[in-house]
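# Structural overview
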Amino acid sequence: MTTASPSNPASRARHPRGGAGERATRDNIIRAALTLFAKHGIDGVSLRQIVAAAGQSNPSAVHYHFQSKEGLLSAVIDHVNEQLQPLQQLAMETLFEAQKRGNLTVREVVSTAIMPFVTLYASSYEGRMAIRFLSRLTWQRDAVGQSRLFDQAWNYWRDVVVVLHALMPEHSIDGLLHRGVMIGCTLLHGLADMSILSRQTSFGLDKLFREQPLQLFEQYCDFITGGLTAPTTPTHVDTAHAA
């Protein structure tokens, strides 16, 4: 994750002001913003709506604690990352231990690497909103949000790819990194849209979603493993046009 300079409002916004009461107000605003951003997008929510959802009567509360909407967005991203990072650290420790034992497989890397996101999603309503928020950041046109998301995701998936490359030396690091980015986006979008399964009765997915969610997880791991291990398609250059 990149670190903002001291003069950056987003950087100052990460340091809570005042005592316990002000910190509680700040946390309430962050959680309200997380839910509203997840449901309606960053541009679809006003600061007044966020303040009201946080139970605050002062319309200037966001500016007091975060200086701007950009500062609030940065604080929301930090809040989500604070929940994800311990899970990601545990996942990497698990992978490194399995790597030392010499019995690590590509599928085990996949299932372990995606587990932090699945765990966060399954942990609570706020966890589900966090995943929906990250999913929105991947495609919404917000330079600050996308940059922060990519920085954080890059650090984690880069470490995962290093482990993968030891198992798949026939693939280049860059190629695996590209696939890692696609895995991350597919995972976030899939989890964010998980509710569609509960309504898909024609294929029996609603029953599978309710009664056997682990089977869905295993199927996803199979799908991702197949994509990772697929051979790289050679790039053909049209020599006639190239000349």
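Note: the structure precedes this text.
Notes on the structure follow. Within each chain, residues carry numbers counting from 1 in the order of the written sequence. Totals for whole chains, interfaces and linings use every residue, but because this is a predicted model, local features are given only for residues with pLDDT of at least 70 and side-chain atom pairs only at 80 or more, for both listing and counting. Side-chain metrics in this entry use all non-hydrogen atoms of the structure; hydrogen atoms and water are not considered.

### Some remarks on the packing of aromatic side chains
Keep this limit in mind: Each Phe, Tyr or Trp ring (for Trp, its six-membered ring) is paired with any other whose centre lies within 6.5 Å, and the angle between the two planes then decides the class: stacked below 30 degrees, edge-to-face above 60, tilted in between. Numbering goes from the N terminus for both helices and strands, where a helix is a DSSP run of H or I of at least four residues and a strand is a run of E of at least two. A 1.4 Å probe rolled over the protein chains alone gives each residue an accessible area, and that area as a share of the maximum for its type sets the label: buried under 20%, exposed over 50%, partly exposed in between.
Considering all chains together, one arrives at 5 aromatic pairs under this definition. Seen in terms of ring centroids, Phe117 and Trp157 are 6.3 Å apart; in terms of plane orientation they differ by 5°. Their pairing is stacked. Of this pair, Phe117 sits in helix α6 (residues 106-123) while Trp157 sits in helix α8 (residues 143-167), and the two are 40 residues apart along the sequence. Taken as a pair, Phe117 and Trp157 share a single burial class, namely buried.

### Looking at the packing of α6 against helix α12 (residues 213-229)
Counted only if it meets this: Axis lines are fitted through C-alpha atoms, for helices just across the contact stretch, and the angle between N-to-C directions can take any value from 0 to 180 degrees. When an angle is under 35 degrees it counts as roughly parallel; over 145 it counts as roughly antiparallel; between 65 and 115 it counts as roughly perpendicular; any other value is oblique. Less than a right angle of anticlockwise turn of the near helix away from the far helix marks a crossing as left-handed, whereas a clockwise turn marks it as right-handed. Only heavy atoms enter the contact rule, under which two residues are in contact if any of them lie within 4.5 Å.
One can describe the packing of α6 onto α12 by two numbers: an axis separation of 9 Å at closest approach and a directional angle of 125°. Classified by the angle between their axes, α6 and α12 sit oblique to one another. The two elements α6 and α12 cross, and the hand of that crossing is right-handed. Packed against α6, whose contacting residues are Val106, Arg107, Val110, Ser111, Ile114, Met115 and Val118, the element α12 presents Phe217, Glu218, Tyr220, Cys221, Asp222, Ile224, Thr225, Leu228 and Thr229 at the interface.

### Regarding the pattern of salt bridges
We apply this condition: By convention in these notes, a salt bridge is any Lys or Arg side-chain nitrogen within 4 Å of a carboxyl oxygen on Asp or Glu.
As enumerated under the stated definition, the model contains 5 salt bridges in all. Across the pair Lys100 and Glu97 runs a salt bridge whose closest N-O atoms are separated by 3.9 Å. Note that Lys100 and Glu97 are positioned in helix α5 (residues 69-101) at a spacing of 3 residues, about one turn of the helix. Judged by relative accessible area, Lys100 falls into the exposed class, the value being 67%.

### Structural notes on the environment of Pro116
Of note, Pro116 is situated in helix α6. Take Pro116: its relative accessible area is 2%, and that puts it in the buried class. Taking the C-alpha atoms as reference, Pro116 lies 5.7 Å from Gln88; in sequence the two are 28 residues apart. Residues in contact with Pro116, not counting those within four places in the same chain, are Leu84, Leu87, Gln88, Ala91 and Tyr156.

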